[in-house]
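Results of the structural survey
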Amino acid sequence: MSLRSPLGRVLGLGAAGGAHHWWLQRLSSVALLPLTAWFAIALLALPDRHWATVHAWLARPSSTVLLLLLVPTAAYHSWLGVTVVVEDYVHGRRAKALTLLGLRLGYALVAVVALYAVLGIAFGRAP
């Protein structure tokens, strides 16, 4: 016996998509725990917050690699959460679709720009 409607079975709609989304958000949050803790502790451990000090810290390979992991993970986790809010509270198919598309493009743009900045610092691009 299934609790899904016949239309839901035909269209493949149901709780499976929600469970997958929930699981992805939990995985990304688990990945963010050590990455965010590292980031906060590392910044607090710096002797000062001057541009040159932070730049030198970001140019270290270990900081670069961990930041390259943190940025897309944080962007993805945030995108997942905001997507749920839009799906729940934006009404109208067109408005919802355009909002979700804009979010996806916006988050992708922010992540790419942030990764470009980190790589630029890591490989010694001039400020």
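Residues numbered from 1 in each chain as written. Predicted model: local features only at pLDDT ≥ 70, side-chain atom pairs only at ≥ 80, totals over all residues. Heavy atoms only, no water.

Side note on helix α5 (residues 93–122)
Since the α-helix packs 3.6 residues into each turn, any two residues three or four apart lie on the same face. Applied cut-off: In this description a helix means any DSSP run of H or I spanning at least four residues, a strand means any run of E spanning at least two, and both kinds are numbered starting from the N terminus. One less than the residue count of a helix, multiplied by 1.5 Å, gives the span that helix is expected to have. Should any heavy atoms of two residues lie within 4.5 Å, those residues are considered in contact.
Relative to the 44 Å expected for 30 residues at 1.5 Å per residue, α5 spans 43 Å between its end C-alpha atoms, a close match to the ideal helical length. The inward-facing, buried residues of α5 contact α3 (51–59) and α4 (61–89). At the C-terminal side of α5, Gly124 shows a positive phi close to 75 degrees.

Thoughts on the nonpolar core
What tends to happen in soluble globular proteins is that the nonpolar side chains get buried as a cluster. The criterion, for reference: Within this scheme, the nonpolar core is defined by two criteria: the residues are buried Ala, Val, Leu, Ile, Met, Phe, Trp, Tyr or Cys, and they are joined through side-chain atoms within 4.5 Å. A 1.4 Å probe rolled over the protein chains alone gives each residue an accessible area, and that area as a share of the maximum for its type sets the label: buried under 20%, exposed over 50%, partly exposed in between.
Residues Leu32, Leu35, Ala42, Leu46, Trp57, Leu58, Leu67, Leu70, Val71, Val118 and Ile121 constitute the largest nonpolar core, which totals 11 residues. Of all the secondary-structure elements, those providing two or more residues to this core are α2 (15–45), α3, α4 and α5.

Some thoughts on the packing of aromatic side chains
Working definition: an aromatic ring pair is given by the centre-to-centre distance plus the angle between the planes. What counts here: Here the aromatic set is Phe, Tyr and Trp, taking the six-membered ring for Trp, and pairing holds for ring centres within 6.5 Å; pairs whose planes are under 30 degrees apart are stacked, those over 60 apart are edge-to-face, and all others are tilted.
Throughout the structure, instances matching the rule amount to five aromatic pairs. Ring centres of Trp38 and Trp57 lie 5.6 Å apart, and the angle between their planes is 25 degrees; this geometry places the pair in the stacked category. Taken as a pair, Trp38 in helix α2 and Trp57 in helix α3 lie far apart in primary sequence, 19 residues in all. A residue is classified by how much of its surface remains accessible, and Trp57, at 4% relative accessible area, is buried.

A closer look at the side chain of His21
Here His21 lies in helix α2. The exposure class of His21 is buried, given its relative accessible area of 18%. With near-sequence residues (within four places) excluded, His21 lies in contact with Leu80, Thr83 and Val84.

Quick notes on the environment of Leu103
Relative to the helices and strands, Leu103 is located in helix α5. Under the relative-accessibility criterion, Leu103 is labelled buried at 18%. Taking the C-alpha atoms as reference, Leu103 lies 7.3 Å from Trp79; in sequence the two are 24 residues apart. Discounting chain neighbours no more than four positions away, the residues touching Leu103 are Trp79, Val82 and Val86.

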